[in-house]
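# Fold and contact review
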Amino acid sequence: MEENVNFTSPIVDEEEMDIDWAGYAVKFLRNWRFIAVCTFLAAVLGVGVALMQKRTYTVNVTLAPESQSKSGGGSLGGLASLVGLSGANLSGGSDALNITLFPEISQSTLFLTQLFDVEVTPYVSPVQLKKGAKPAVPISLFQYIKDVEDSGLIQRIKDSLFGTPDDMEPDTLNIAQLNKQQRLVVGALQKAVSADVDKKSGIVTIGVTMDDPWIATTLADTVCTRLQNYVIAYRTKKTQEDLTYYETLAEEAKDKMVKAQAAYARSVDYDRSVILQSVSSAKERLQQEAQLASEIYSQMAQQVEMAKAKLQEEKPVFAVVEAATMPQYPNNSRKKVVLAFMFIGFCLAAGWKLLGEEYLFSFKQQMNDRLLDEKQENTENDKEQPIG
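Predicted, not measured: the structure shown is a model, and the values here were computed from it.

### A short note on the overall build of the protein chain
- Secondary structure assignment for the protein chain yields 13 helices and 6 strands.
- Looking at the protein chain residue by residue over its 388 residues, the buried ones come to 26%.
- At a minimum sequence separation of 6, the contacts of the protein chain that also span at least 24 residues come to 79%.

See the structure below:
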């Protein structure tokens, strides 16, 4: 038995599309107790989730590094001309390290392990101090993160199941072979510390997220300072080596100059009345050696001053646009979590009573009617079939 199915949408009267607001209001008033109970239960669930949720605080530091010009001119070129070294090659090559590598540096194990010894102090509010709370004792960042991670529920379950390993010595640090606890702290720091670089403006934003506002502020300031020192040390490594080398040569030249001048002075004092040609030749030789040693020392001293000037020029300068300040409010507000659960509970309860319950009843009724029709149709077909 085939039926013609019409897939065209019938024209619906505009009056049928009107929403019966009065009917929904009546349904809402009739079921307000159910909606209120569901909202209250959702609020209780939200309070439980909010209390279990760890409160975190984020501190951001914004830096604006100077644009480095690698030309040999400028103030350094002027200084070279003043000391008579205008022909010296003072131009630097291309830098392998620039601000675009700040995110990679801040996430590197070498950089993060250098933060283990940072001394931090948990925050105790003035209100708590007035109530008799004791001031917090400063501890190392390694010990603080270790205690926080060990106090977590998941970590306690892991320790109870698999046990606590014996290699927990935080004093011995080997970058090539970190123990389990050190790897745990490095992983926590990789999640807590971040660096973002705006390639267009060159602005660097360093962010630190911790569960303590004052520790987050201290760590953000420390990361900012050590990241700058890390970059400065890299940028000035070659120049610092040159400065040390020139200082060594200058000290050696000075010692030779002093010895040569002393030898020439002794020759003049003791051989003043001697007129032998050999003695005069020895005096001239000592005098020339003293003059040569003095000239070499003068050149080495100039090289030292030039290296100092170049070292100062190579140091990058970072302008702190936004300093580290302690946040007043956490990232995840517990009130917002409770309100969100209440709103979701209210919407689900109201939607169920206003629309869902009626739709489910209608759907069940349609399914029952369809099953009944199919049953009657099958019965009629059985009666129409002839008995063989």
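Moving on, there is more to tell.
### Quick look at the pairing of strand β5 (residues 204-210)
- Across the 7 residues that make up β5, a large majority, 5, are buried.
- Two elements, strand β1 (residues 57-65) and β5, share 7 bridges in a ladder whose sense is antiparallel. Pairing of Tyr 57 across the sheet is with Met 210, part of β5.
- Sheet topology note: the strand β4 (residues 193-197)/β5 ladder contains 5 bridges and is antiparallel. Opposite Ala 195, over in β5, you have Ile 206 as the bridge partner.
- Here β4 hands over to β5 after 6 residues, with Gly 202 in that stretch at a positive phi of 80°.

### A few points about the confidence of the model for the protein chain
- Per-residue pLDDT for the protein chain averages 76, and the proportion of residues at 70 or more is 74%.
- Highest mean pLDDT in the protein chain belongs to β5 (92); lowest belongs to helix α3 (residues 74-82) (44).
- Every residue in residues 1-16 is under pLDDT 50, and counting partners more than four places away or in other chains gives 2 contacts.
- Predicted confidence is poor over residues 69-96, with pLDDT under 50, and the contacts of this stretch with residues over four places away or in other chains come to 32 contacts.

### Remarks on a negative patch on the surface
- Residues Glu 247, Glu 251, Glu 252 and Asp 255 make up a contiguous surface patch of negative charge.
- Tracing the backbone through its elements, the reader meets Glu 252 in helix α11 (residues 237-270).
- Overall, Glu 252 belongs to the partly exposed group, its relative accessible area being 42%.

### Some words on the pattern of salt bridges
- One pass over the full model with this rule turns up 2 salt bridges.
- For Asp 117, the salt bridge goes to Arg 226, with nearest N and O atoms at 3.5 Å. In this pair, Asp 117 is assigned in the loop between α5 (109-113) and β2 (119-120) and Arg 226 in helix α10 (residues 213-235), connecting sequence segments 109 residues apart.
- Relative accessible area serves as the criterion here: at 27%, Arg 226 is assigned to the partly exposed category.
- Two residues, Lys 238 and Asp 242, come together in a salt bridge whose shortest N-O distance is 3.0 Å. Taken together, the residues Lys 238 and Asp 242, both in helix α11 and 4 residues apart, mark about one turn of the helix.
- Note on Lys 238: relative accessible area 53%, which makes it exposed.

Conventions adopted
- Residues numbered from 1 in each chain as written.
- Predicted model: local features only at pLDDT ≥ 70, side-chain atom pairs only at ≥ 80, totals over all residues.
- Heavy atoms only, no water.
- Helix = DSSP H or I, 4+ residues; strand = E, 2+ residues; numbered from the N terminus.
- Buried < 20%, exposed > 50% of the residue type's maximum accessible area, 1.4 Å probe, protein only.
- Contact = heavy atoms within 4.5 Å.
- Pairing = 2+ DSSP bridges.
- pLDDT = per-residue confidence, 0-100.
- Patch = residues over 30% accessible without salt bridge, like charges linked within 9 Å, V, L, I, M, F, W, Y side chains within 5 Å.
- Areas by Shrake-Rupley, 256 points an atom, 1.4 Å probe, with all protein chains shown as cover.
- Salt bridge = Lys/Arg side-chain N within 4 Å of Asp/Glu carboxyl O.
- Lys, Arg positive; Asp, Glu negative; His and termini not counted.
- Charge placed at Lys NZ, Arg CZ, Asp CG, Glu CD.

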